[in-house]
Amino acid sequence: MIRRSASLQSLLIYGLSGPIIALNVWLLSVVFHYFQHPITILSSAAILAFLLNYPVEFFKRARITHTQAVIIVLLVTFTLVVILGVTLVPMLLDQTIQLLNKIPDWLTSSQRNLEHVEALAKQRRLPINLQIVANQINANIQNLVQQLASGAVGFAGTLLSGILNVVLVVVLAFYMLIYGDRVWAGLVSLLPSNIRIPLTTSLRLNFQNFFLSQLLLGLFMVVTLTPIFLVLRVPFALLFAIVIGIGELIPFVGATLGIGLVTILVLLQNWWLAVQVALSAILLQQVKDNLLAPKLLGDFIGLNPIWIFVAILMGFEIAGLLGTLVAVPIAGTIKGTFDALKSGESGNFASHFSINNYTSDFDEESKS
């Protein structure tokens, strides 16, 4: 009798867990779409604060106070943003506008190539019909022209809004670096005592190291691909390299999607050049995945690749692009916390990174 009740209880728990999880995912998606802009700003500021915490800790080793270290790092960050805004951003905007203007011509050229291939196939009596593909290209050309016309009208407003959002993110990151530990200590004080330190340590470990590693891997792709694309005389070489580098921020699938997009765009103009672009990008991707990524990422996330893909898909379903960026570190944080609770050791995380400082900082904030 006892066994039957236990089996029924476990069956009831597993049976209700699926609908409950689906309901929570739907609820999170609704909440995100309702508060999309503030959540995006806060999340971006938090990620920037995690990244800037490295140089802040570096300056603190030189016997500088925490506030002074944050001010120095923020001034350096503002200087770098201004330099990039004056030099790199106008160049990227110009290349983006030129690319969008040339895509309709490339699509028209690719349509003519398809018609030529179909004519050759008919001469040799090959059963090839590319009319559907040609019609789809025509539809894409019309949609693209309409989007360009509508997007050009609000471009100035979008640019101004983007600049304001960047300033807001940097300012919020500044306050998070100064007061973030106190706010977090107040929030986690509501949790049971055995969860506070494991959750804090796992969160900082996954978010800070994950985004820093992905950023370095993305910079590697941009720095190495740009001269290669220039040698190959790829149009919009810098823009295409940055697209692939930004895709690197999404683990496992981002770089592949970026390479695929760039290859398709180049394919519209020159198929042989597209082959060279794809081969060079895939070669560097293999170097990155097999040599650099294991040293940078290590095993601090400890997630099975299947669960990583599941986390990315769920993150995209809930919060779009932002969800895909934070899905893996959130999943790693949850797993790291549960692993620490199961083992009974709050600092038991698979990582070569030092986390003792994080735990001691959290203890100090909790006492204060």
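As annotated in an unreviewed UniProt entry, the protein is Permease from Tolypothrix tenuis PCC 7101. Of the comments in the UniProt record for the protein, the one headed Subcellular location (unreviewed entry) reads "Membrane". Regarding the protein, the relevant UniProt record gives this comment under Sequence similarities (unreviewed entry): "Belongs to the autoinducer-2 exporter (AI-2E) (TC 2.A.86) family."

Draft legend 1. Fine view of the overall build of the protein. Looking only at helices and strands, the protein has 11 helices and zero strands in total. Mapped from its N terminus to its C terminus, the protein presents α and β elements in the order α-α-α-α-α-α-α-α-α-α-α. Counting over 368 residues, the protein shows a buried share of 35%. When contacts within the protein are restricted to residue pairs at least 6 apart in sequence, those whose partners lie at least 24 apart make up 73%. Carbon and sulfur atoms make up 69% of the accessible area of the protein, which amounts to about 22500 Å² in all.

Draft legend 2. The arrangement of helix α10 (residues 305-343) in detail. Its 39 residues give α10 an end-to-end C-alpha distance of only 23 Å, which falls more than 12% under 57 Å, the value for a rise of 1.5 Å per residue. Roughly 145 degrees is the biggest bend found in α10, and it falls at Ala319.

Draft legend 3. View of the packing of aromatic side chains. One pass over the full model with this rule turns up seven aromatic pairs. For the ring pair Phe174 and Tyr175, a centre distance of 5.4 Å and an interplane angle of 75 degrees mean the geometry is edge-to-face. The class for Phe174 is partly exposed, based on a relative accessible area of 22%. Here Tyr175 falls in the partly exposed class, since its relative accessible area comes to 45%. Where Phe210 meets Phe211, the ring centres are 5.3 Å apart and the plane angle is 80 degrees; that geometry is what we call edge-to-face. Each member of the pair, Phe210 as well as Phe211, carries the same accessibility label: buried.

Draft legend 4. Molecular detail of the pattern of salt bridges. In total, this model carries four salt bridges according to the counting rule given. Lys288 is paired through a salt bridge with Glu248; the nearest N and O atoms lie 3.1 Å apart. Here Lys288 is found in helix α9 (residues 271-297), whereas its partner Glu248 is found in the loop between α7 (237-247) and α8 (254-267), with 40 residues between them in sequence. As far as burial versus exposure is concerned, Lys288 and Glu248 are alike and both buried. Asp289 is paired through a salt bridge with Lys288; the nearest N and O atoms lie 2.4 Å apart. The class for Lys288 is buried, based on a relative accessible area of 2%. Several salt bridges converge on common partners, so that one network encompasses Glu248, Lys288 and Asp289.

Draft legend 5. Geometry of the side chain of Thr324. Following the sequence through the fold, Thr324 ends up in helix α10. When near neighbours in sequence (up to four residues on either side) are disregarded, Thr324 contacts Ile250, Pro251, Ile312, Gly315 and Phe316.

Draft legend 6. Representation of the UniProt feature "transmembrane region" (unreviewed entry) in the protein within the structure. Per the UniProt record, "transmembrane region" (unreviewed entry) is found at residues 12-35, 41-59, 71-93, 152-178, 210-230, 236-257, 264-286 and 306-328. Between the first and last C-alpha atoms of residues 236-257 the distance is 18 Å; the span itself is 68% helix and 0% strand. As annotated, residues 306-328 comprises 100% helix and 0% strand, and the C-alpha atoms at either end are separated by 11 Å.

Draft legend 7. Representation of the environment of Thr256 within the structure. Position of Thr256 relative to the elements: it lies in helix α8. By relative accessible area, Thr256 is classed as partly exposed at 46%. Between the alpha carbons of Thr256 and Ala281 there is a distance of 9.3 Å; along the sequence they are 25 residues apart.

Draft legend 8. Representation of the packing of helix α6 (residues 193-231) against α10. Relative orientation of the contacting elements α6 and α10 amounts to 145 degrees, with a least axis distance of 8 Å. The interaxial crossing formed by α6 with α10 has right-handed handedness. Where α6 approaches α10, its residues Asn194, Ile195, Pro198, Leu199, Ser202, Leu203, Asn206, Phe207, Phe210 and Phe211 are matched on the opposing element by Leu325, Val326, Val328, Pro329, Ile330, Gly332, Thr333, Gly336, Thr337, Ala340 and Leu341. Here the contact of α6 with α10 is composed, by residue class, of 14 nonpolar, seven polar and no charged.

Draft legend 9. Geometry of the packing of α7 against α8. Between α7 and α8, whose axes approach to 7 Å, the crossing angle comes to 155 degrees. Viewed along their axes, α7 and α8 adopt a mutual orientation that is roughly antiparallel. On α8, the residues that touch Phe240, Val243, Ile244 and Gly247 of α7 are Gly254, Ala255, Gly258, Ile259, Leu261, Val262, Leu265 and Val266. Its residues assigned to classes, the contact of α7 with α8 shows nine nonpolar, three polar and no charged.

Draft legend 10. Broad picture of the environment of Phe252. Position of Phe252 among the secondary structure elements: in the loop between α7 and α8. Sequence separation between Phe252 and Phe309 is 57 residues, and the spatial gap between their C-alpha atoms is 8.2 Å. Those residues in contact with Phe252, other than ones at most four positions away along the chain, are Ile308 and Phe309.

Draft legend 11. How the structure looks around the nonpolar core. Judged by nonpolar contacts, the single largest core of 28 residues is most densely connected at Leu99, Leu225, Phe229, Phe240, Ile244 and Val266. Within the residue set of this core, elements represented by two or more residues are α3 (66-123), α6, α7, α8 and α9. In terms of residue count, the dominant contributor to this core is α7 (seven residues). Both domains that furnish three or more residues to this core are identified here as domain 1 (35-189) and domain 2 (191-348). Apart from residues lying up to four places away in sequence, Leu225 is in contact with Ala241, Ile244, Ser280, Ala281 and Leu284.

Conventions we followed
The numbering scheme is per chain: residues are counted from 1 as the chain's sequence reads. Local features are withheld for residues below a pLDDT of 70 in this predicted model, meaning they are given only at 70 or higher, and side-chain atom pairs are given and counted only at 80 or more; totals for whole chains, interfaces and linings count all residues. Side-chain measures here rest on the full set of heavy atoms in the structure, leaving out hydrogens and waters. UniProt positions are given in the numbering used here, feature names are shortened, and annotations may be inferred rather than shown by experiment. Numbering of helices and strands starts at the N terminus; helices are DSSP runs of H or I of at least 4 residues and strands are runs of E of at least 2. The rule is simple: take the accessible area with a 1.4 Å probe, protein chains only, and divide by the maximum for that residue type; under 20% is buried, over 50% is exposed, in between is partly exposed. Should any heavy atoms of two residues lie within 4.5 Å, those residues are counted as being in contact. To be clear on the numbers: accessible area is Shrake-Rupley with a 1.4 Å probe, and residue cover counts the displayed protein chains and nothing else. Each residue after the first adds 1.5 Å to the expected span of a helix. At any given residue, the bend is defined as the angle formed between two axes, one fitted to the seven residues that end at that position and one fitted to the seven that begin there. Aromatic pairs are defined between Phe, Tyr and Trp rings, using the six-membered ring for Trp, whenever the two ring centres lie within 6.5 Å; interplanar angles under 30 degrees are classed as stacked, those over 60 as edge-to-face, and all others as tilted. Each reported salt bridge corresponds to a side-chain nitrogen of Lys or Arg within 4 Å of a carboxyl oxygen of Asp or Glu. Axis geometry follows a simple rule: fit a line to the C-alpha atoms, using only the stretch in contact for helices, then measure angles between N-to-C directions, giving values from 0 to 180 degrees. Should the near helix be turned anticlockwise from the far one by less than a right angle, the crossing is termed left-handed; should it be turned clockwise, right-handed. For this classification, Asp, Glu, Lys and Arg are treated as charged, while Ala, Val, Leu, Ile, Met, Phe, Trp, Tyr, Cys and Pro are nonpolar and the rest, including Gly, are polar. Under this scheme an angle from 65 to 115 degrees is roughly perpendicular, one under 35 degrees roughly parallel, and one over 145 degrees roughly antiparallel; angles in between are oblique. The set of buried Ala, Val, Leu, Ile, Met, Phe, Trp, Tyr and Cys residues whose side-chain atoms join them within 4.5 Å is what this entry labels a nonpolar core. Domain borders in the structure are assigned automatically or taken from a domain database.

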